[in-house]
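Structural overview
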Amino acid sequence: MSCLSETIAQSDPALQVLIDKIKATASLGMLILAAWQLGRAVGVKVVEEVLNERGQAPDDGGVCGQCGRKLESKGQKPREMVTLLGVVKWRRRVRGCRGGCGQGQVAPTDEALGLHPSQRTSLEVKWLACALAVFVPFEIAAVLFELLTGIKVSSKSIWGWVQERGQVAMEQLNSQLAVLEQEVLPAEDVLTSATQVLPLLIGADGVMAPFRPTAGSRQGKTVWREVKVGVLARLGERITRTGKRVPYLSQRRLVAVLGDIEAFGARLWLASIQQGLLSSPHVVWLSDGGQGFWRLFDERFATYATGVLDFYHAAQNLWKGSKSWLDGRTQRARNWFVKARRRLRRGKTNKVLADIEAALDLEGLPPGAHQSLTNLYNYLDKHRDHIDYAKFKKSGLPIGSGIVESACKWLIQQRFKGVGMRWSEDGFNHLLHLRLAWVNGRFDDLFPLNVPPN
Ligand SMILES: [Zn+2]
């Protein structure tokens, strides 16, 4: 037997079994898996040694938080924790107040380790499990977790940690929103000088998600509720190998809320300022026809941003108008639509509007067609500044909001709309905020693994 294996076995005879297991394997794959088990077991032993040592080291005793009297030692007591290596057990000194104050016993070394009195799972376990749960259902997260670490955790535990950390994320956001409400501006994210000069793109979209009809019950029909999602990104352009220019998004940030347009507006505004709305050379607002989002644009963003109405959405409305007007004469409707669409694309908005006006003057126009043509006219007229597509194209701006919609849809679709999934409002919100933290690069902030030394 090699020197190292011997030493390991001598230090703890229980490890001999694991070393024997390694030796008995044939294939390299099985050999590595067996060695991995040994590695973890050795890791646990080393950690336990360190923790026992710390738990017994002399301390200054500390004073009672309530009466100020010096705490007296109540001896060594056991502590147990589920960690990424497995269950770790150690003993550490606990102290209590002689005066019998209500605060119970304290373990100074627990505090130094960043542990709460009732904590049973170490934070790195929650961190990894929550990261998995950001992407896959809780049951699958539990299976993957065991595959990756060899540690068994239940899907229910993972669900609980998501609730706990999601709550932390929501509280952090709420306090940022409260500060902004006092008109104290948040700091802008630091960007590279190359990114700083790129246009800031802001877009919003609504995505439906399935909910339980009544809190705490699995009964009843699914209720679909809208989640408002916003995306902020710097719009870059790269050249492909074939020399084609294609747009790409960098510094992508998402905001989302299960709530009304006011709640959404506050979050989007906060993120916009963090993303450099006030210092960016060019800001573009890109959206389809959703009324609420354009109202939000008018109220908060119009001063800073160029608004672009999604071209395909505008074209769709042209088609609806032409169909109702030229009902039954499909070829004529088609021709009119193709012409109008081309004009719109080339920025000849006035001509398109004049065409609609002329159609409205036609004698014998049925009332239904009159109404839909009027709607079309008003719609294009209202968005006159937002449909100057020729100009937008020339300045390199996107005219389709697909880039916005796919980012928004991904956030919700990928995780919340699996087969048979239905959410409670709290459960949804907690996971949503963990996902947002992940995509926005703030996930690790929710798991303060670095305890400052005291
Ligand atoms: Zn006391």
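Residues numbered from 1 in each chain as written. Predicted model: local features only at pLDDT ≥ 70, side-chain atom pairs only at ≥ 80, totals over all residues.

**Points about the pairing of strand S3 (residues 200–211)**
Judged from the twelve bridges that link them, S3 and strand S4 (residues 223–239) form a sheet pairing that is antiparallel. Bridging across to S4, Gly206 finds its partner in Lys228. Direction of pairing for S3 relative to strand S6 (residues 283–287): parallel, over a ladder of four bridges. Opposite Ile202, over in S6, you have Trp285 as the bridge partner. (Pairing = 2+ DSSP bridges. Helix = DSSP H or I, 4+ residues; strand = E, 2+ residues; numbered from the N terminus.)

**Here we look at helix H6 (residues 138–149)**
Helix length check: H6 (twelve residues) gives 16 Å between terminal C-alpha atoms against 16 Å at 1.5 Å per residue, within 8%. Residues of H6 that are buried: Phe138, Ala141, Ala142 and Phe145. Take H6 and look down its axis: the buried residues cluster within an arc of 100°, on one side only. If you follow the buried residues of H6, they end up packed against helix H5 (123–133) and helix H7 (155–181). Just beyond H6, the residue with positive phi is Gly150, at close to 80°. (Expected span 1.5 Å × (residues − 1). Buried ≥ 20, exposed ≤ 12 C-beta atoms within 10 Å, placed from the backbone. Arc of directions from axis to C-beta. Contact = placed C-beta atoms within 7 Å.)

**Things to note about the sheet that holds S6**
Two pairing modes exist for strands in a sheet, parallel and antiparallel, and in both the strands are linked by backbone hydrogen bonds. Here we have five strands laid out as an open sheet, ordered S5-S4-S3-S6-S7, and mixed in their pairing. For this open sheet the edge positions go to strand S5 (245–257) and strand S7 (305–309), each flanked by a neighbour on one side alone. Ignoring strand direction, the axes of neighbouring strands in this sheet form an average angle of 30°. On the sheet, helix H16 (residues 402–416) packs against S3, S4, S5 and S6 and is oriented at approximately 30° with respect to S3. Against the sheet, helix H17 (residues 425–439) engages S3 and S5, with an angle of about 145° to S5. (Axes fitted to C-alpha atoms, helices over the stretch in contact; angles between N-to-C directions.)

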